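What the coordinates show
So the chains spell out like this:
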Amino acid sequence: MLDTQASESHDPRVLNFINKLKFKKVEGSYNLAIESVELLKSIISQNDWKTAKEIIHLIKSEAKFLTKAVPFHTPVGNMVRQILKIVREEYVAGCKDRLEEIDPQDSLHKIVSSEGEVNDYSKLIDDLKEAILDHISEFQMELETSSDNISQQAREHIHSNEIIMTIGTSREVKAFLKKAAQDRKFEVIVAECAPFCHTFNNFDKENECSAIESKTKSINAP
């Protein structure tokens, strides 16, 4: 259970997301990544902040609370780091735009001082929120097509009659194997850690690709 007093100081959307994770309403690395980015995007767009420093502090605060509540969801932390990277990149880009606007006749001292602003996230940058949100939207599009982009490379890595070993259930790996199986036959060993043993949603039983011979090995965690 979440600490009630601590929860009151955090964004309700974060609390709702934590509950969804705890009750397994969001599962799988892909879905976790998509939901995490959407959550962070809403925090950025719907909160009142003026500088990159303020939104970085807010994201870090919510992320610390989030990762403490659900520490084993690695994609969440990865997406937090990616969004923070986007914020910093857009801030730096905004600072560089300001540098280009400096009059050539300005003093050397003013130019050098302006260059120092790149590492100071407290400076006001015009349209920073819009730039960050646009960048995040582009990143979301990349996420949505990532599985297809990865699977397109399958034939370069999997050859006929090979034995492929993988572990756990993965939307991306499944698509990767199915793509390779379109014109070659190979064997897949799916290792699972008991007691869950989800496998690839009964990949072999679904008979989705006759070219793939699937076997499941149960491995007990130490």
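Up top is the structure.
Now for a look at the structure at hand. (Residues numbered from 1 in each chain as written. Predicted model: local features only at pLDDT ≥ 70, side-chain atom pairs only at ≥ 80, totals over all residues. Heavy atoms only, no water.)

**Considering unusual backbone geometry**
Of note, Asp-127 is a non-glycine position whose phi angle comes to about 55°, a positive value. Exposure remark for Asp-127: the relative accessible area of 56% places this residue in the exposed category. Of note, Asn-161 is a non-glycine position whose phi angle comes to about 65°, a positive value. Its location among the elements puts Asn-161 in the loop between α8 (154–157) and β1 (163–167). (Buried < 20%, exposed > 50% of the residue type's maximum accessible area, 1.4 Å probe, protein only. Helix = DSSP H or I, 4+ residues; strand = E, 2+ residues; numbered from the N terminus.)

**Some remarks on the nonpolar core**
Ile-44, Ile-59, Ile-83, Val-87 and Ile-132 are the most contacted members of the largest nonpolar core, which totals 25 residues. Going through the elements one at a time, α3 (29–46), α4 (52–69), α5 (74–100) and α7 (128–151) are the ones with two or more residues in this core. Considering each element in turn, this core owes the most residues, 8 residues, to α5. In this view, Ile-44 contacts Trp-49, Ile-55, Ile-59, Ile-83, Val-87, Lys-129, Ile-132, Leu-133 and Ile-136; residues no more than four positions away in its chain are not counted. Counting 14 residues, the second-largest nonpolar core is a separate cluster that includes Leu-21, Ile-43, Ala-69 and Val-70. (Core = buried A, V, L, I, M, F, W, Y, C linked by side-chain atoms within 4.5 Å. Contact = heavy atoms within 4.5 Å.)

**Comments concerning α7**
For α7, spanning 24 residues, the distance from its first C-alpha to its last is 35 Å, which sits close to the expected 34 Å at 1.5 Å a residue. For α7, the complete set of buried residues consists of Leu-128, Ile-132, Leu-133, His-135, Ile-136, Phe-139, Gln-140, Leu-143, Ser-147 and Ser-151. (Expected span 1.5 Å × (residues − 1).)

**Notes on the packing of aromatic side chains**
For the structure shown, the criterion picks out 1 aromatic pair. An angle of 50° between the planes, with centres 4.9 Å apart, marks the rings of Tyr-91 and Tyr-121 as tilted. Of the two residues, Tyr-91 sits in helix α5 while Tyr-121 sits in the loop between α6 (108–115) and α7, which places them 30 residues apart along the sequence. Of the residues examined, Tyr-91 reaches a relative accessible area of 0% and is grouped as buried. (Phe/Tyr/Trp six-rings, centres within 6.5 Å; stacked < 30°, edge-to-face > 60°.)

**Section: the side chain of Gln-140**
Topologically, Gln-140 is positioned in helix α7. Among the polar contacts listed, one links the side chain of Gln-140 to the side chain of Lys-41, at a separation of 3.1 Å. Residue contacts for Gln-140: discarding those within four places in its chain leaves Val-37, Glu-38 and Lys-41. (Polar contact = N/O pair within 3.5 Å; in protein donor to acceptor, adjacent residues only side chain to side chain.)

**Examining the packing of α3 against α4**
Between α3 and α4, the shortest axis-to-axis distance is 11 Å and the interhelical angle comes to 140°. Considering the angle they form, α3 stands oblique to α4. Seen from above, α3 lies across α4 with right-handed handedness. Facing α3, whose interface residues are Leu-39, Leu-40, Ile-43 and Ile-44, α4 presents Ile-55, Leu-58, Ile-59, Glu-62 and Leu-66. By residue class, the composition of the contact of α3 with α4 is 8 nonpolar, no polar and 1 charged. (Axes fitted to C-alpha atoms, helices over the stretch in contact; angles between N-to-C directions. Parallel < 35°, antiparallel > 145°, perpendicular 65-115°, else oblique. Left-handed = near helix turned anticlockwise from the far one by under 90°. Nonpolar A, V, L, I, M, F, W, Y, C, P; charged D, E, K, R; others polar.)

**Quick look at the pattern of salt bridges**
With the rule as written, the count across this model stands at 5 salt bridges. The salt bridge involving Asp-11 is made with Arg-13; its shortest N-O contact spans 2.6 Å. Given the relative accessible area of 24%, Arg-13 is considered partly exposed. One salt bridge connects Arg-184 with Asp-183, and the closest N-O pair in it is separated by 3.0 Å. In this structure Arg-184 comes out as buried when scored by relative accessible area, which is 17%. Three or more residues joined by partner-sharing salt bridges are found here, namely Arg-155, Asp-183 and Arg-184. (Salt bridge = Lys/Arg side-chain N within 4 Å of Asp/Glu carboxyl O.)

**What to know about the environment of Met-165**
Checked against the element boundaries, Met-165 lands in strand β1. Measuring from C-alpha to C-alpha, the distance between Met-165 and Glu-187 comes to 8.5 Å, with 22 residues separating the pair along the chain. With sequence-adjacent residues up to four places away left out, Met-165 is seen in contact with Ile-189 and Ala-191.

**Details of helix α2 (residues 12–22)**
When we look at burial in α2, the residues that qualify are Val-14, Leu-15, Phe-17, Ile-18 and Leu-21. The buried residues of α2 occupy an angular sector of 160° when projected down its axis, which confines them to one face. Following α2 by one or two positions, Lys-24 has its phi on the positive side, about 55°. (Arc of directions from axis to C-beta.)

Remember, this is a structural readout, not a statement about activity or role.
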